[in-house]
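Single-letter residue listing:
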Amino acid sequence: MLLSILIMEFSNVKEERDVLLSLLNLVKKVVDVNDLVLVDENKRVVLGRELDVSRFEEFIEWATKQASPAFVEEAGGYVGIIPLVKLGRSFGSLIVFMDHQPSMEETEIFRIFSFLSSIVLENVRLYRELEETYDYVNTILNNLPEGIFVYSNGEIRFQNERFARENFPEEVMKKAMEISEEAISLGVQRTGEIESEDKFFSITSIPLLYNGETQALTIVENITASKELERLKRIDRMKTEFVANISHELRTPLTAIKAYTETMYNSLEELDTDTLKEFLEVVLDQSNHLENLLNELLDFSRLERKALQIKKEKTNICELLESAVGAIKEFAASQGVKVFLEKKVPCFEAEVDPTRMKQVLLNLLSNGVKYSKKDEPEKYVKVVLDKDENGILIVVEDNGIGIPEHAREKIFEQFYRVDSSLTYEVSGTGLGLAITKEIVELHGGRIWVESEEGKGSRFFVWIPYDHGTEDNR
């Protein structure tokens, strides 16, 4: 009967105050008492009349230590302390005022009340602490800048608000699921990056064990801003290197021109015709080199201002390629590199800017020569002319040092130079390929590269037939 009453009273309680009220009601129903006062573990009255608890402090401490109800006679009646204790943890005490000495049965009832109330109070507190911990962790997770989800058996078991809000692209989600599966199957942390819709995403998945099942805690972060910052820092660093490099590039021909000119000025009467001609050839060669550098800088300035222009006209493509090959042959021969043209289709005409397209070809041919392998017995740079139903295809192929995989997408960026020992031996501004790409794109075409480090490179230039004949900016 008593157990049934206890179960009914405590069945729906969710707060500590409800437990304590139920306890008071139970005591009043089952035991003949004059008054009840409930104090917490700090000996403060929480339920019942105002009472000077200080006079019972030692009694409360003793009863709590004994973890058992205790009664003393006082003013013609009895005062009892019913400690609410479980495993040494105090939840408070019930102070009972009676006009008679409690019987053994009543004392046992108080002991049962104390024990069961302590259990319920502990569970209520644990439940409250669990809820608070859940809210605390949820608040942290929901305010993180990253999207977080827990993955298991092909489905998402949990997701924070950021993940639900972000609406990640489908390919990003597919990649996140793949990495989550890897983390679960391998039992180790897995990471990856993916680019989608001009944004960059970082994915990290960590295996975790829950209820005997391995799940994956996966973090998806939009790192576009940090990638852009890295890019800007890299460009800034390349600009600094560019300034130092261009200063050197400009100084080299100027130094040569000045030295040879001074020699001729000071020794004009002593120099024979052949020596004078040789000196003048050096001056002319260095002047042409200086002119090329300045033209490249001017093109870069136009590129920055979006003012680079092309002027199309009907042009014989074979003659254009032959002219470019002829212009580079002397330089190539000085480097021991053979340059030749291969035609896969008959000669034809197309609407292009011949000057700018020759600039494109000379840049690619020059790079092929400059980046040839020193120890290659038969060094070559080959130009292949081809076409399809939509446009012209020009391939510039070499058997030089090749381009590392990590650099293939970056070589068309302004100021970028592949970081290698040979790169620093070769003159250049790091602008040639950026300008080349811009000229090709102004024609409505595209340029790309295939390369294998140590074996050579193939640059593809495709220009459409039908991009119009008007001037372009």
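Here is what the cut-offs are and how they apply
Residues numbered from 1 in each chain as written. Predicted model: local features only at pLDDT ≥ 70, side-chain atom pairs only at ≥ 80, totals over all residues. Heavy atoms only, no water. Pairing = 2+ DSSP bridges. Helix = DSSP H or I, 4+ residues; strand = E, 2+ residues; numbered from the N terminus. Axes fitted to C-alpha atoms, helices over the stretch in contact; angles between N-to-C directions. Contact = heavy atoms within 4.5 Å. Disulfide = S-S within 2.5 Å. Buried < 20%, exposed > 50% of the residue type's maximum accessible area, 1.4 Å probe, protein only. Phe/Tyr/Trp six-rings, centres within 6.5 Å; stacked < 30°, edge-to-face > 60°.

K.L.:
Explain the sheet that holds strand β1 (residues 35–39) to me, and be specific about the residues and the numbers.
P.N.:
Across the sheet, which stays open at both edges, the 5 strands sit in the order β2-β1-β5-β4-β3 with antiparallel pairing between neighbours. Only two strands of the sheet have a single neighbouring strand rather than two, namely β2 (45–47) and β3 (70–74). Neighbour to neighbour, the strand axes of the sheet diverge by 30° on average, direction disregarded. As paired elements, strand β4 (residues 77–86) and strand β5 (residues 89–98) share 8 bridges and run antiparallel to each other. Bridge assignment links I81 to a residue of β5, and that residue is I95. Against the sheet, helix α3 (residues 57–66) contacts β1, β3, β4 and β5, and its axis sits at roughly 50° relative to β4. Set on the sheet, helix α4 (residues 104–142) makes contact with β3, β4 and β5; between it and β4 the angle comes to about 40°.

K.L.:
Could you give me a rundown of the state of the cysteines, with the residues and numbers involved?
P.N.:
Across all of its chains, the model carries 1 disulfide by this definition. Bridging C318 to C347, the disulfide has an S-S length of 2.2 Å. Measuring the twist about the S-S bond at about -105°, one finds the C318-C347 disulfide to be left-handed. With a gap of 29 residues between them, C318 in helix α9 (residues 317–334) and C347 in the loop between β12 (337–343) and β13 (349–352) connect regions that are remote in the sequence. Owing to a relative accessible area of 43%, C347 belongs among the partly exposed residues under this scheme.

K.L.:
Give a description of the packing of aromatic side chains that names residues and reports values.
P.N.:
Using the criterion set out here, one finds 9 aromatic pairs in the structure. On the basis of an interplanar angle of 45° and a centroid distance of 4.9 Å, the ring pair of F149 and F163 is categorised as tilted. Highlighted residues: F149 in strand β6 (residues 147–152) and F163 in helix α5 (residues 161–166), separated in sequence by 14 residues. As far as burial versus exposure is concerned, F149 and F163 are alike and both buried. For the pair Y260 and F279, a centre-to-centre distance of 4.9 Å together with 85° between the ring planes defines the contact as edge-to-face. In this pair, Y260 is assigned in helix α7 (residues 224–266) and F279 in helix α8 (residues 273–304), connecting sequence segments 19 residues apart. Classification of Y260 as partly exposed rests on a relative accessible area of 28%. What links up through ring pairs into an aromatic cluster is the set F149, F163, F168 and F201.

K.L.:
Got a sec to walk through the sheet that holds strand β15 (residues 391–398)? Specific residues and values, please.
P.N.:
Sheet architecture is open: 5 strands sit in the order β12-β14-β15-β17-β16, paired in mixed fashion. At either margin of the open sheet sits one strand with a lone partner, and together these are β12 and β16 (446–452). Strand after strand, the sheet turns through a mean of 15° between neighbouring axes, direction not considered. Looking at chain direction, strand β14 (residues 379–387) and β15 are connected through 7 bridges and run antiparallel. From the neighbouring strand, K387 faces β15, where its bridge partner is I392. Contacts between α9 and the sheet are confined to β12, β14 and β15, with β12 contributing the most and set at about 170° to the helix.

These values are about where atoms sit, not about what they do.
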